[in-house]
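These are the residues of each chain, in order.
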Amino acid sequence: MSTPVAIGTPRRLVEATVDGRQVRVPEGSTILDACESVGTDVPTLCYGDTLTPRNACRVCVVEVEGARTLVPACSRRIEDSMSVATDSERVRHSRKMVLELLGSSVDLSTTPGIAEWNERYDARPERFGPRAEPATMGERDARRAGEHTVGDGTTAETVEQPVKDDNDLYVRDYGKCIMCYKCVDACGEQWQNTFAIGIAGRGFDAGVSTEHDLALPDSACVYCGNCIEVCPTGALMFRSEYEMRQEGTWDEEKQSQTTTVCTYCGVGCNVTLHVQENEIVKVTSPHDNPVTHGNLCIKGRFGYQHVQQRRRD
């Protein structure tokens, strides 16, 4: 007997224009959805297709005719007769500024697409001067609100700090963190409901932290790795990937991906195995899977060692 497929409630189509091109998308769609429907590329960082938009990075802003300010494409719903410009002078200037401010203070070396975006918007983070020396381990975590020391202008202030390496499964490099909140939301009420991490501190010294800045093994973390899944910059990274990058052997062009079903239980979660040179180097999950929505448990995310132990010699 076949199982009926739910098709959902039909939605009215909304007509608008994106860069002068007519678009028709279901009511409730965002401007970003409309842009994607006509193949218009809009850069995003804090946007997550499985998360509620936070509007934290502002790199996806677009210009809506008649609106006083630029609006984030990832969260603003498109409306009938709306006219959207994704590449106007205001938009380009805003994106350039955001990319330069982020690039001058955060290590974006492992952020996908950043080099292309910098070139497209003529963003030059280096014009703010050389980076200041990274903080020592624990220095930024120990700062209190209002204790920030203003620099002398010869260097660009940075969030760089030593990598937090306190467990066998993944590392935390908050020198690459853009404070997009995606890991906090994935760990909290939007998916995992563990609430092992949150935002601590204020202003430039704010950062992602466990409760009381505990080491990860002593915190409430259950190592589901769903924070890694949504991290847009590589601030949270599989240990295997981190070690291979340190060794200079990480090469995504040599990697293949195979999606299969996790065998640890009967839920049927999909896992995508990333394989390089016949070795599983990390595991993700398809975001469009109706079971997992990109989320896994510790077994599905990290329990692949029984297939093949990574060689360390």
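Residues numbered from 1 in each chain as written. Predicted model: local features only at pLDDT ≥ 70, side-chain atom pairs only at ≥ 80, totals over all residues. Heavy atoms only, no water.

(A) Main features of the sheet that holds strand S12 (residues 279–284). One open sheet accounts for 3 strands, arranged S10-S11-S12; its pairing is antiparallel. The sheet is open, and its two borders are formed by strand S10 (255–261) and S12, each paired with just one other strand. The sheet shows a mean angle of 30° between the axes of neighbouring strands, direction not considered. (Pairing = 2+ DSSP bridges. Helix = DSSP H or I, 4+ residues; strand = E, 2+ residues; numbered from the N terminus. Axes fitted to C-alpha atoms, helices over the stretch in contact; angles between N-to-C directions.)

(B) Quick peek at helix H7 (residues 239–247). All of the buried residues along H7 are Arg239, Ser240, Glu241, Tyr242, Glu243 and Met244. In this fold, the buried residues of H7 make contact with strand S6 (170–172), strand S9 (236–238), strand S11 (270–276) and S12. Gly248, located one to two residues past H7, shows a positive phi value of around 80°. (Buried < 20%, exposed > 50% of the residue type's maximum accessible area, 1.4 Å probe, protein only. Contact = heavy atoms within 4.5 Å.)

(C) Up close: the environment of Arg143. Following the sequence through the fold, Arg143 ends up in the loop between helix H4 (139–142) and S6. Once residues lying within four places of it in the same chain are set aside, the contact partners of Arg143 are His148 and Asp205. Only 3.3 Å separates the side chain of Arg143 from the side chain of Glu139, close enough to count as a polar contact. (Polar contact = N/O pair within 3.5 Å; in protein donor to acceptor, adjacent residues only side chain to side chain.)

(D) Molecular detail of the packing of aromatic side chains. Across all of its chains, the model carries 3 aromatic pairs by this definition. With a centroid separation of 6.1 Å and 70° between ring planes, the pair formed by Tyr170 and Tyr223 is classed as edge-to-face. Taken together, the residues span a long stretch of sequence, with Tyr170 in strand S6 and Tyr223 in the loop between strand S8 (207–210) and helix H6 (226–230) at a distance of 53 residues. For Tyr170, a relative accessible area of 3% corresponds to the buried category. Take Tyr223: its relative accessible area is 14%, and that puts it in the buried class. Taken together, a centroid distance of 5.1 Å and an interplanar angle of 50° make the contact between Phe238 and Phe302 tilted. A residue pair is termed long-range when its members are at least 10 positions apart, and Phe238 in strand S9 and Phe302 in helix H8 (residues 298–302) qualify at 64 residues. When its relative accessible area of 3% is taken as the criterion, Phe238 is described as buried. Ring-pair connections join several aromatic residues into one group, and the members of that group are Tyr170, Tyr223, Phe238 and Phe302. (Phe/Tyr/Trp six-rings, centres within 6.5 Å; stacked < 30°, edge-to-face > 60°.)

(E) Geometry of the side chain of Lys282. Secondary-structure assignment places Lys282 in strand S12. Overall, the relative accessible area of 17% leaves Lys282 in the buried class.

(F) Region of the structure containing the sheet that holds strand S4 (residues 71–72). Spatial ordering of the open sheet is given by S2-S1-S5-S3-S4, a layout of 5 strands whose pairing is mixed. With one partner strand each, in any of the chains shown, strand S2 (21–26) and S4 form the two edges of the open sheet. With 2 bridges connecting them, strand S1 (residues 13–18) and strand S5 (residues 83–85) associate as parallel partners. From the neighbouring strand, Val18 faces S5, where its bridge partner is Val84. Set on the sheet, helix H2 (residues 89–105) makes contact with strand S3 (61–64) and S5; between it and S3 the angle comes to about 160°.

(G) Quick look at unusual backbone geometry. We note that Asn55 has phi near 60°; this positive angle belongs to a residue other than glycine. For Asn55, the location among the structural elements is in the loop between helix H1 (31–37) and S3. A relative accessible area of 28% places Asn55 in the partly exposed class. A positive phi angle, close to 55°, is found at Phe195, a residue other than glycine. Within the secondary structure, Phe195 sits in the loop between helix H5 (182–187) and strand S7 (197–200).

(H) A look at the environment of Cys224. On the secondary structure map, Cys224 appears in the loop between S8 and H6. Each C-alpha atom of the pair Cys224 and Lys299 lies 7.8 Å from the other, and the pair is 75 residues apart in sequence.

(I) Summary view of the environment of Asp251. With respect to the element layout, Asp251 can be found in the loop between H7 and S10. Each C-alpha atom of the pair Asp251 and Thr50 lies 27 Å from the other, and the pair is 201 residues apart in sequence.

(J) H2, seen in detail. For H2, built from 17 residues, the straight-helix expectation of 24 Å at 1.5 Å per residue is met to within 8% by its first-to-last C-alpha distance of 25 Å. Here H2 has its buried residues at Val91, Ser94, Arg95, Val98, Leu99, Glu100, Leu102, Gly103, Ser104 and Ser105. On its buried face, H2 sits against S3, S5 and helix H3 (114–120). (Expected span 1.5 Å × (residues − 1).)

(K) Geometry of the pattern of salt bridges. Counted according to the given criterion, the structure contains 24 salt bridges. Between Lys176 and Asp173 there is a salt bridge, with its nearest N and O atoms 3.9 Å apart. Taken individually, Lys176 and Asp173 each receive the classification buried, so the pair is uniform in this respect. Here the salt bridges share partners, and the residues they tie into one network are Glu139, Arg140, Arg143 and Asp205. (Salt bridge = Lys/Arg side-chain N within 4 Å of Asp/Glu carboxyl O.)

Everything listed here is a matter of geometry and, on its own, says nothing about what the molecule does.
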